[in-house]
Amino acid sequence: MPAELRLGVPGPEPDLSFHGDGELADGLTDLAVNVRPGTPPPWLLDRIRAAAGDLAAYPDPRAATEAAARRHARPPSEVLVTAGAAEAFTLIARAFRARHAVIVHPQFTEPEAALRAAGQPVHRVTLGGDFTLGPGAVPPDADLVVLGNPTNPTSVLHPAAAIRALARPGRLLVVDEAFADCVPGEPESLTRARDVPGLIVVRSLTKTWGLAGLRAGYLLASPPHVRALARPRPPWAVSAPALAAVAACCTPAATAEAAAWATSMDAERTWLGQSLSRVPGVAVTPHACASFLLLKVTPGSRVPVPGNSSPESYNVPIDHGGPTVRERLRAAGFAVRRGDTFPGLGPDWIRVAVRDRGTNDRFVAALTAVLEA
Ligand SMILES: Cc1ncc(COP(=O)(O)O)c(C=O)c1O
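Worth saying up front: this structure is predicted, and the values here are computed from it rather than measured. (Residues numbered from 1 in each chain as written. Predicted model: local features only at pLDDT ≥ 70, side-chain atom pairs only at ≥ 80, totals over all residues. Heavy atoms only, no water.)

> Quick rundown of the layout of surface pockets? Include the residues and the values.
Considering only enclosed or pocket space, the largest pocket measures out at about 570 Å³ in volume. Around the largest pocket, the lining is made up of 28 residues, and of these His19, Phe108, Asn152, Thr206 and Lys207 lie nearest the centre. Of all the elements in the fold, those that place two or more residues in the lining of the largest pocket are α3 (84–95) and α6 (206–209). A total of three residues in the lining of the largest pocket trace back to one element, the largest contributor, which is α3. (1 Å grid on protein atoms, 1.4 Å probe; cavity = no way out; pocket = protein on both sides within 12 Å on 5 of 7 lines; lining within 4 Å. Points joined across faces, edges and corners; volume = space filled by probe spheres on them. Helix = DSSP H or I, 4+ residues; strand = E, 2+ residues; numbered from the N terminus.)

> Quick rundown of the environment of Met265? Include the residues and the values.
Structurally, Met265 is set in helix α9 (residues 252–277). What makes Met265 buried here is its relative accessible area of 5%. With 91 residues separating them along the chain, Met265 and Asp356 place their C-alpha atoms 8.5 Å apart. Apart from the residues lying within four places of it in its own chain, the contact partners of Met265 are Cys182, Ala290, Ser291 and Val354. (Buried < 20%, exposed > 50% of the residue type's maximum accessible area, 1.4 Å probe, protein only. Contact = heavy atoms within 4.5 Å.)

> Can you explain the sheet that holds strand β5 (residues 144–148)? Please cite residues and give values.
Across the sheet, seven strands lie side by side as β2-β8-β7-β6-β5-β3-β4; this open sheet has mixed pairing. For this open sheet the edge positions go to β2 (79–82) and β4 (122–126), each flanked by a neighbour on one side alone. In this sheet, neighbouring strand axes are inclined to one another by 20 degrees on average, regardless of whether the strands run parallel or antiparallel. Bridge count between β5 and strand β6 (residues 172–176): five bridges; the pairing is parallel. (Pairing = 2+ DSSP bridges. Axes fitted to C-alpha atoms, helices over the stretch in contact; angles between N-to-C directions.)

Quick look at the structure:
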């Protein structure tokens, strides 16, 4: 078995239905939900409100489908607009029956939950080390493979070539790109890869545009796959305001706005990562590319295992008594995302969103104080 794999991680079964908003409470600074601050922008709200003026009509997905197709240089027959990325995972689980479905963890838990809800057995491949995808990570007979890029919660961006190498005839390869527009220029995105057999790329408007409550996203796949995915869904599954949002967010102007934000967020994430790496007891997962960082936090000082620089390998004392670091951060006013509901992680892991410099600075100070206490 390749060194980076751990199959069947011991410990209690994680709650796959837990999400970052479960951490929020009045008075806490939200570092648990990875939605771009200050969104949705006013111009986008105007478009959504305008669409709400025509609610007497059934929704028509054509303009949104064409806009998404134009954005990714594909024909409209290769686009299916969905009620968020979550609907895409449900459609995949309902439309296809896998003999050997593999979820590459740690990752967003809804793809696994959707497959299980559809009665499909799921095999977990759990990346360890620095959470990068090595050759041989996925069993050769897997006929459905799901991974995130960049991945939630690790923030790791896999090279497009490594993902392409997973494709083979008879296999569906699902890439969750819900956070792809966090990466300036989206160099590893596979949205335009029409030559990869069985590829389904899933995109979301939730994170960059602040539209979790609207339910808007889309998927890109070959025309037969798009048709198969559309078959089990009810008619008019995506509302007219959500379709208007998809059309609006796929224009060159919206893409440029997202790219400008991604560039500034990228610089701030680098600063936050460097600052947190200097805090004793914190190991920052390397190669972060999304709008959040995954941290291994342990009271006491870090002791890297000789010859292995990955955060997972740090040989640190585990404090099993008293409140966890996450709970102590809550007492200090910060909601962070617990790591233990992600298969492959445990209670020593937390995920934090990248915010503005003032908030990030306050968080570094709070975490330092919590770990020193
Ligand atoms: C990696 C990832 N994919 C997809 C989603 C869900 O996106 P949507 O709101 O479009 O269903 C989330 C939400 O947290 C996510 O983290």
